[in-house]
Amino acid sequence: MKEISVVAAIIKHNNKILCVQRGENKYNYISKKFEFPGGKIEDGETLEETIIREVREELVMNIKTEKQFLTVKHQYPDFLITMYSFICSCEDPTVSLTEHIAYKWLAPSELEELDWAAADIPMVNKLAMNG
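Residues numbered from 1 in each chain as written. Predicted model: local features only at pLDDT ≥ 70, side-chain atom pairs only at ≥ 80, totals over all residues. Heavy atoms only, no water.

### Concerning helix H1 (residues 47-59)
The terminal C-alpha atoms of H1, which comprises 13 residues, lie 18 Å apart, in line with the 18 Å expected from a rise of 1.5 Å per residue. Thr50, Ile51, Arg53, Glu54, Val55, Glu58 and Leu59 are the residues of H1 that are buried. Residue Val60 follows H1 closely and has a positive phi angle near 50°. (Helix = DSSP H or I, 4+ residues; strand = E, 2+ residues; numbered from the N terminus. Expected span 1.5 Å × (residues − 1). Buried < 20%, exposed > 50% of the residue type's maximum accessible area, 1.4 Å probe, protein only.)

### Considering the nonpolar core
Core analysis: the largest hydrophobic core is formed by 26 residues, its most contacted members being Ile10, Phe36, Tyr76, Ile81, Leu111, Trp116 and Leu127. Listed by contribution, the elements that provide at least two residues to this core are strand S1 (2-13), strand S2 (16-21), strand S5 (64-75), strand S6 (79-89) and helix H2 (121-130). Those residues in contact with Ile81, other than ones at most four positions away along the chain, are Ile4, Val6, Val72, Lys73, His74, Tyr76 and Ala119. Listed in part, the 14 residues of the second largest apolar core include Ala9, Val20, Ile51 and Leu59. (Core = buried A, V, L, I, M, F, W, Y, C linked by side-chain atoms within 4.5 Å. Contact = heavy atoms within 4.5 Å.)

### Points about the pairing of S6
Each regular strand carries side chains that alternate between the two faces of the sheet. Counted residue by residue, S6 has nine buried out of eleven residues, so it is predominantly covered. Alignment of S1 against S6, held across eleven bridges, turns out to be parallel. Bridging from a neighbouring strand, Val6 pairs with Met83 of S6. The turn linking S5 back onto S6 is made up of three residues. (Pairing = 2+ DSSP bridges.)

### Some words on the packing of aromatic side chains
What the rule picks out here adds up to seven aromatic pairs. Summarising the aromatic geometry, the rings of Tyr27 and Tyr29 are spaced 5.4 Å apart at their centres and angled 20° between planes, so their arrangement reads as stacked. Aromatic rings pair up to connect Tyr27, Tyr29, Tyr76 and Phe79 into one cluster. Of note, Lys126 hangs over the ring of Phe69, and the distance from its end group to the ring centre comes to 4.7 Å. (Phe/Tyr/Trp six-rings, centres within 6.5 Å; stacked < 30°, edge-to-face > 60°. Lys NZ or Arg CZ within 6 Å of the ring centre and 35° of its normal.)

### As for the environment of Ala9
Tracing the backbone through its elements, the reader meets Ala9 in strand S1. Beyond its immediate stretch of four places on either side in the chain, Ala9 contacts Phe36, Pro37, Ile51, Val55, Ile63, Phe86 and Cys88.

If you want it as structure tokens, here you go:
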């Protein structure tokens, strides 16, 4: 079974959280699902370096990591994912999508309304409970 380690940015701005929607994917169980932006950790990178690089590449956005939030291990049918999430901030909330098909800035209480990738759901639940 393939194992991957990724980071996820929970980007907050004016009490809203950035949610991005994946495009079509060969795995239908993550195709067009919402997620927190991020990606795979490259050799020699720290978690914080990865998250800053990935958000810059995917969203053309500069962020600052504030604190580690939650680490999730999730077994999908084709791979095991370990996701390290961080609470992040941005001064400029402008988003330019390079990989995703849509984005939304939502209040924590609105997060559960979206169709999320399964690995992101524990983070969504914790954010919805704790704001």
